[in-house]
There are 2 protein chains.
Amino acid sequence: MRVLGIDPGLTRCGIGIVEGSVGKPLSMVSVGVILTPSDLALESRLLELDRAINEWVSIWNPDVIAVERVFAQHNVRTVMGTGQAAGIALLIAAKSGIPVMMHTPSEVKAAVTGSGRANKAQVATMVAKLLNLSEIPKPVDATDALALAICHIWRGGANTNIATALAAEKSRLRKLRG
Amino acid sequence: MRVLGIDPGLTRCGIGIVEGSVGKPLSMVSVGVILTPSDLALESRLLELDRAINEWVSIWNPDVIAVERVFAQHNVRTVMGTGQAAGIALLIAAKSGIPVMMHTPSEVKAAVTGSGRANKAQVATMVAKLLNLSEIPKPVDATDALALAICHIWRGGANTNIATALAAEKSRLRKLRG
């Protein structure tokens, strides 16, 4: 299963692709950060974000998209931008017919480090270890996007089974179409 | 100038078109509310909202889009949905090349009633009066969208002048192409 993880943000949006399945080794396919300049008009920043995420989707063709679930309680100052970025990621998934799921920051931390209260450095270290990377990807938004994708693969259970079935069906249809 | 006003929301998104210019009578072109069922997946609700707003834009061809500026402080429970809806409205404007502006709730109230602290009923009464409507449009989200469009037309000043110039240029290009 190929998962596109998105850590939504307006100034820095982390994005990364991880391939793997439960019980098998994981591998990083690609990782990056989408930056939009804060002196640009809000609508132009959203347009750039939309363009860049669409580009990732069309290049890497993920089976599932995982987006961090943001809560209004954290960072009141930036929460609107984060919400708008998340909304655009969800809309792109829906338009592309790619299953999308949201995971909370503590679900991601727990999946990757075993503790829902792990700090950023612990998460980054585990992401590098799990993906067998020689260096920790920078900035932290990129690591968070990879952690999110790993969390999605590992959380298993009904939701992932459904997503896997949908991914298999999508890939079957792709082959049929040619 | 034809203005599309959007009062962003996930459960109820108010939408309305007002035509007019500073110093001339205003008229309502259309008004409505986009509803998305709360039992639908978030990405499907955003997709439906995107479809519906795009439909309004392509049917009514507005010169400017005015979106209510939402603050994270109000209604923490619904603020993420409101932010996502606003983000989609802004993205549609950017994609369509239509100038977009945001106005705060107090700017809208002040423009329509003369007081930034007016209540919902006062705003609704004034909207009906200004647009020469025999009844107040329901629900309040619809009235708010119309109030937003009126506010945009009446605030005048540099921003509206720029938008008017852009609208004139767009209309000129449309005629040249068409």
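Before any of the text, the structure's been laid out above.
As the structure is a computational prediction, the values presented were derived from the model and not from experiment. (Residues numbered from 1 in each chain as written. Chains lettered and ligands numbered in written order. Predicted model: local features only at pLDDT ≥ 70, side-chain atom pairs only at ≥ 80, totals over all residues. Heavy atoms only, no water.)

**A closer look at the environment of Leu42 of chain B**
Formally: Helix and strand assignments come from DSSP, with helices taken as H or I runs of at least 4 residues and strands as E runs of at least 2, each series counted from the N terminus. Burial classes: relative accessible area under 20% of the type maximum marks a residue as buried, over 50% as exposed, and values in between as partly exposed (1.4 Å probe, protein chains only). Any two residues whose heavy atoms approach within 4.5 Å are treated as being in contact.
Within the secondary structure layout, Leu42 of chain B lies in helix 1 (residues 42-60). The exposure class of Leu42 of chain B is partly exposed, given its relative accessible area of 23%. Separated by 32 residues in the primary sequence, Leu42 of chain B and Leu10 of chain B have C-alpha atoms spaced 8.9 Å apart. Excluding residues that lie within four positions of it along the chain, Leu42 of chain B makes contacts with Leu90 and Met102 of chain A together with Leu10 and Gln84 of chain B.

**Side note on the side chain of Thr104 of chain B**
All names here are of chain B. Of note, Thr104 is situated in the loop between strand 5 (100-103) and helix 3 (105-113). Taking the relative accessible area as the measure of exposure, Thr104 reaches 14% and is therefore buried. Setting aside its immediate chain neighbours within four residues, Thr104 contacts Arg69 and Phe71.

**Remarks on the pairing of strand 4 (residues 64-68) of chain A**
All names here are of chain A. Just so we agree on the cut-off: In short, DSSP must find at least two bridges between two strands for them to pair.
Counted residue by residue, strand 4 has 5 buried out of 5 residues, so it is predominantly covered. Residues of strand 4 alternate between two faces, with Val64, Ala66 and Glu68 on one and Ile65 and Val67 on the opposite face, all of them buried. Two strands pair when backbone bridges link them, and strand 1 (residues 2-7) and strand 4 are joined in this way by 4 bridges, in the parallel orientation. Each residue of the ladder has a partner; that of Ile6, found in strand 4, is Val67. With 4 bridges connecting them, strand 4 and strand 5 (residues 100-103) associate as parallel partners. When the sheet's bridge partners are listed, Ile65 is paired in strand 5 with Val100.

**Considerations on the environment of Asn119 of chain B**
Residues and elements named next belong to chain B. Counted only if it meets this: Within 3.5 Å is the distance limit for a polar contact, defined as a pair of N or O atoms, with the added protein rule that one can donate a hydrogen and the other accept it, and that residues adjacent in sequence qualify only through two side-chain atoms.
Among the structural elements, Asn119 can be located in the loop between helix 3 and helix 4 (120-130). For the pair Asn119 and Ala94, spaced 25 residues apart in sequence, the C-alpha separation works out to 32 Å. Among the polar contacts made by the side chain of Asn119, one reaches the main-chain amide nitrogen of Gln122 at a distance of 2.8 Å.

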